[in-house]
Amino acid sequence: MSYQPLLLNFEEAVELRKELGKDSLLGQALARDIKQTDAYMAQVGIEVPGHGEGGGYEHNRHKQNYIHMDLAGRLFLITEEEKYRDYIVEMLTAYAKVYPTLESNVSKDTNPPGKIFHQTLNENMWMLYASCAYSCIFHTLSDEQKTLIENDLFKQMIDLFVVTYGHDFDIVHNHGLWAVAAVGICGYAINDQASVDKALYGLKMDKVSGGFLAQLDQLFSPDGYYMEGPYYHRFSLRPIYLFAEAIERRQPEIGIYEFNDSVIKTTSYAVFKTAFPDGSLPACNDSSKTISINDEGVVMATSVCFHRYEQAETLLAMANHQQNVWVHTSGLTLSNAVEAADEIKPFNWGSLYITDGPKGDKGGLGILRHRDEQDDDTMALIWFGQHGSDHQYHSALDHGHYDGLHLSVFNRGLEVLHDYGYGRWVNVEPKFGGRYIPENKSYCKQTVAHNTVTVDQKTQNNFNTALAESKFGAKHFFNVENDKLQGMSGRISGYYEGTDMQRSILLADLPEFEKPLVIDVYRIQSEQEHQYDLPVHYTGQIIRTDFEYQTESTLKPVGDSDGYQHLWNLGSGKVEGSSLVSWLVNNSYYSLVTSATADSEVIFARLGANDPDFNLRSEPAMIHRQSGKDHVFASVLETHGYFNEEFEQSVNARGLVESVTVAENNEVGTVVCIKTTSGNTYHFGISNLEESAQQGEHTVGAFTWTGSFAQL
C-alpha cells in the first residue's frame, strides 16, 4: 500500500476541500484554521528558540510551532497550497539541525525534563503533532530530507521517551497516554513498526504492564470515569483519538474502536455527561473553571463518536453548542448532520450515576438534572469517589482534593453553589512560572474550600494523600424514575476518625415554586463531640437574612490552618430553628434556608486572607457552624424572582421558603419539614437503611413512607 497521511487520506481531503468557503460548521472551522495559520506563518516565520520557563516565551513558541505545523499539514492536503508544505519542511528541518546538540531543559518539578520543554509531557505533545504534520507531507519529500528529519529529530525523540525515560513510558496515567500516543503516531509516520508495537503493547510487549491497550483497559471505571476528574479526563481524549484514528487506518485488524466493549466511546460519554448545562465541566479535583465541551479533545470526541458510533441527537446538540467540529472526515459527517437538522434542542444527558474505580466499586458521582418548559436546566452534583490522585506517578502531581460529598448546583445559566477549582495561573510565567501556586495546597485542596462538612476545622483524611487513597465513598441510593422528585445519596466513613457522613440530595419540582427545590440533607454520626462546619460557596450580593448578625470592624481570618487561614471573617450571627440567607446574582435571586439547633452560628466570610501575592480570587462564602455528636444539616436552595437593573425591575425578591427543620432522625430515616410563606408545609422522608433494605415501608415517628425517599 502506498504511503497515506495518518489522519486524513488523499480521498478524504478532496471531500473536505468542497467545504472551503461554505458557512457550515466545517467550513467555518477551515476558515478559522486558515486565518490563524496564515497569520502565524507571516508573523513568526521559522523560529526555534532555546530553553525557557514553563509558560514563558520559549515554551509558548515551541508550543505554537507544533500547533501550527499540525494545522498546516491538514491545510496542505485540503487546499493543496504549497506554502503549508514548505512551512512544515522548513520548521522540521530547523529543529532537526539543533535537536541532537541540545542539553536537557531544567525541570521545575518532579516531571523529567525534555530537550525543548521543561517536562516530557510537552515534548510528547510536540512530537505527536509534528508527526501528524510530517505524515501529511511525507510523499513530497526527498530521501535526504526524510533522513535528516527522521534520524536527527524523530528517532532521537523516540529514544528519549522509550529508553532514557523508559521507566515513565509504561505508567498507566494521562501523561503515559500522551507518551504512548506520541511514540505510536511517530512510529507510523516514519514507518517504524517496532516503535508502534512498544506504544501499543508496552515495553514488555505484554499488553498489561504498559502501552496504549493497557491504558484503555486500566485507566477508567466501567462507566468510563477517570479518577482525576473531567478536567484531566478531557485532556486525555486528544491522544486517545489521535492515536486511535491512526491505528484504525494503519492496523484496522486491532479493532481499536471496539476494544474493551468500545471503551473509547464509554469514556468519552463519561466526560460529555458530566458537563453543566452551559457546557462547562465540573471542577472535581484540580480543575480550571473555564474548561468546557468546547475543548479541542471534546470536539474531536464528539465528531468521532457521531461518525463511528452513533448519530445521536445529543451529540448533534453538543456540536451545535460547540459551534465547531474536528477538521476531519468525522467532522464532515457531523457538520452535514447539523446543517440538515430542522431543530436542535440544547443538549441534555439527563440524570445519571457514574461509578469510580477500575472495577466501579470505589464510589462515584451522582448528577440530577431537571429541564423545565423554558428549556432551563437545573443540575445538582455530588461527588463521593476515590481520591483523585496520580500519586503512583509523581508525588508532586497529586491532583486530588479532600472534598468527599461535595455539592455543586447549577441553574439559570450559572453554577450557583460552586467549587473553586484549582489555584494556578496557566502559562502566566511571572505567577510562579504558570505552575500550581502554593495556595492550591493551602486552600483549594482543603475541605473548607468545598461545599461539604469539615470537622473541628480540619481537612478530611488529615490532608494525607496516602490515607486519602485508602478511602472512598459509597452510593447510598440513586433514583430518578419520577421527574417531579429525583434523589441521590452518598456516604463516606472514617474521613474523620470515628465519624460517618451521609448526604442526600432531592430535586423536588413542586407546583408553587418557579424552579425545583434543591433539598440537601447532610447527616453526621460520631462517637465524640465535634464542631461541624458546612461551608457554602456562592457568587453574588447578599440581599437579606432572617437573623441578626454583627460585622467585624477589624478583619481577621476565620481560623489559622486547613484553609481557614485564607478566609476573612466578615461577620457572624447566632441562629435557632433555621437560618435564611438570600442573595442576588445576575438576574436571579437565590435563598438558602438551613436548619439549626441551639448555639448554631452562621459566619460570613470572603477569600483573600494570608495571600501575599494576591493569587486567590476574592469570593464570598458562608459557614453554618454547629457543635455536637450526631447532627443533621437540612437545607433548601430556592431559585426565585427576576431582577433587571436596566429597566429597574424586581419581581419576587423574597421567595417562598420560610423555614426548614428536621422533624425526625434515627437509624431508620430522617424527615425534613419545609414551611412556606404561603402557609403550605412539605415533609420529605429519607431512608437511612442500607440500600438493600430501602425499598420496604419505613416508619419514623408519625411518618411512614415506602422507598429510599418520598414526599410525605
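Residues numbered from 1 in each chain as written. Predicted model: local features only at pLDDT ≥ 70, side-chain atom pairs only at ≥ 80, totals over all residues. Heavy atoms only, no water.

### As for the sheet that holds strand S5 (residues 414-417)
And step 1. Judged by pairing direction, the sheet is antiparallel, and its five strands sit side by side in the order S1-S2-S3-S4-S5 without closing on themselves. Edge strands, defined here as strands with exactly one partner in the open sheet, are strand S1 (352-355) and S5. On average, adjacent strands in this sheet sit at an angle of 20° to one another, irrespective of strand direction.
And step 2. In this sheet, strand S3 (residues 377-383) lies alongside strand S2 (residues 364-371) in antiparallel orientation, the contact comprising seven bridges. Paired with Arg369 across the bridge in S3 is Met379.
And step 3. Across the sheet, helix H12 (residues 259-274) touches S1, S2 and S3, and the angle it forms with S2 is around 55°. (Pairing = 2+ DSSP bridges. Helix = DSSP H or I, 4+ residues; strand = E, 2+ residues; numbered from the N terminus. Axes fitted to C-alpha atoms, helices over the stretch in contact; angles between N-to-C directions. Contact = heavy atoms within 4.5 Å.)

### Observations concerning the domain arrangement of the chain
You'll often see interface size given as the accessible area lost when the parts meet.
And step 1. Segmenting the chain into domains produces domain 1 (1-217) and domain 2 (362-711).
And step 2. Its C-alpha centre places domain 1 at a distance of 44 Å from the equivalent point of domain 2. (Domains from an automatic or database assignment.)

### Considering the pairing of strand S16 (residues 620-628)
And step 1. Among the nine residues that make up S16, eight are buried, leaving the element largely enclosed by the rest of the structure.
And step 2. Two elements, strand S11 (residues 530-537) and S16, share eight bridges in a ladder whose sense is antiparallel. By the bridge assignment, Gln531 is partnered in S16 with Ser627.
And step 3. In this sheet, S16 lies alongside strand S15 (residues 588-607) in antiparallel orientation, the contact comprising six bridges. Residue pairing across strands places Ala605 opposite Ala621, the latter belonging to S16. (Buried < 20%, exposed > 50% of the residue type's maximum accessible area, 1.4 Å probe, protein only.)

### Focus: the sheet that holds strand S20 (residues 657-665)
And step 1. Overall, antiparallel pairing links the four strands, which are arranged S20-S21-S22-S25 in an open sheet. Since the sheet does not close on itself, it has two edges, and those belong to S20 and strand S25 (709-711), each with one partner. Each adjacent strand pair in this sheet contributes to an overall mean axis angle of 15°, direction not counted.
And step 2. Of the strand pairs in this sheet, S20 and strand S21 (residues 669-676) are connected by seven bridges, and their pairing is antiparallel. Note that in S21 the partner of Ser659 across the bridge is Lys675.

### Structural notes on the side chain of Lys445
And step 1. Within the element layout of this structure, Lys445 appears in the loop between helix H16 (438-444) and strand S6 (454-455).
And step 2. Separated by 2.3 Å, the side chain of Lys445 and the backbone oxygen of Asp398 make a polar contact.
And step 3. Once residues within four sequence positions are removed from consideration, Lys445 is found in contact with Asp286, Asp398, His399, Gly400, His401, Tyr402, Asn440, His450 and Phe463. (Polar contact = N/O pair within 3.5 Å; in protein donor to acceptor, adjacent residues only side chain to side chain.)

### Here's the deal with the pairing of strand S14 (residues 567-585)
And step 1. Burial within S14 is extensive, with 14 of its 19 residues counted as buried.
And step 2. With four bridges joining them, strand S12 (residues 541-545) and S14 adopt antiparallel strand pairing. Each residue of the ladder has a partner; that of Ile542, found in S14, is Trp583.
And step 3. Pairing of strand S13 (residues 550-551) with S14 involves two bridges; the strand directions are antiparallel. When the sheet's bridge partners are listed, Thr551 is paired in S14 with Gly571.
And step 4. Inspection of the sheet shows S14 paired to S15 by 17 bridges, in the antiparallel sense. Within the sheet, the bridge partner assigned to Trp583 lies in S15 and is Tyr590.
And step 5. Adjacent in sequence and paired antiparallel, S14 and S15 are bridged by two residues, among which Asn586 carries a positive phi angle near 55°.

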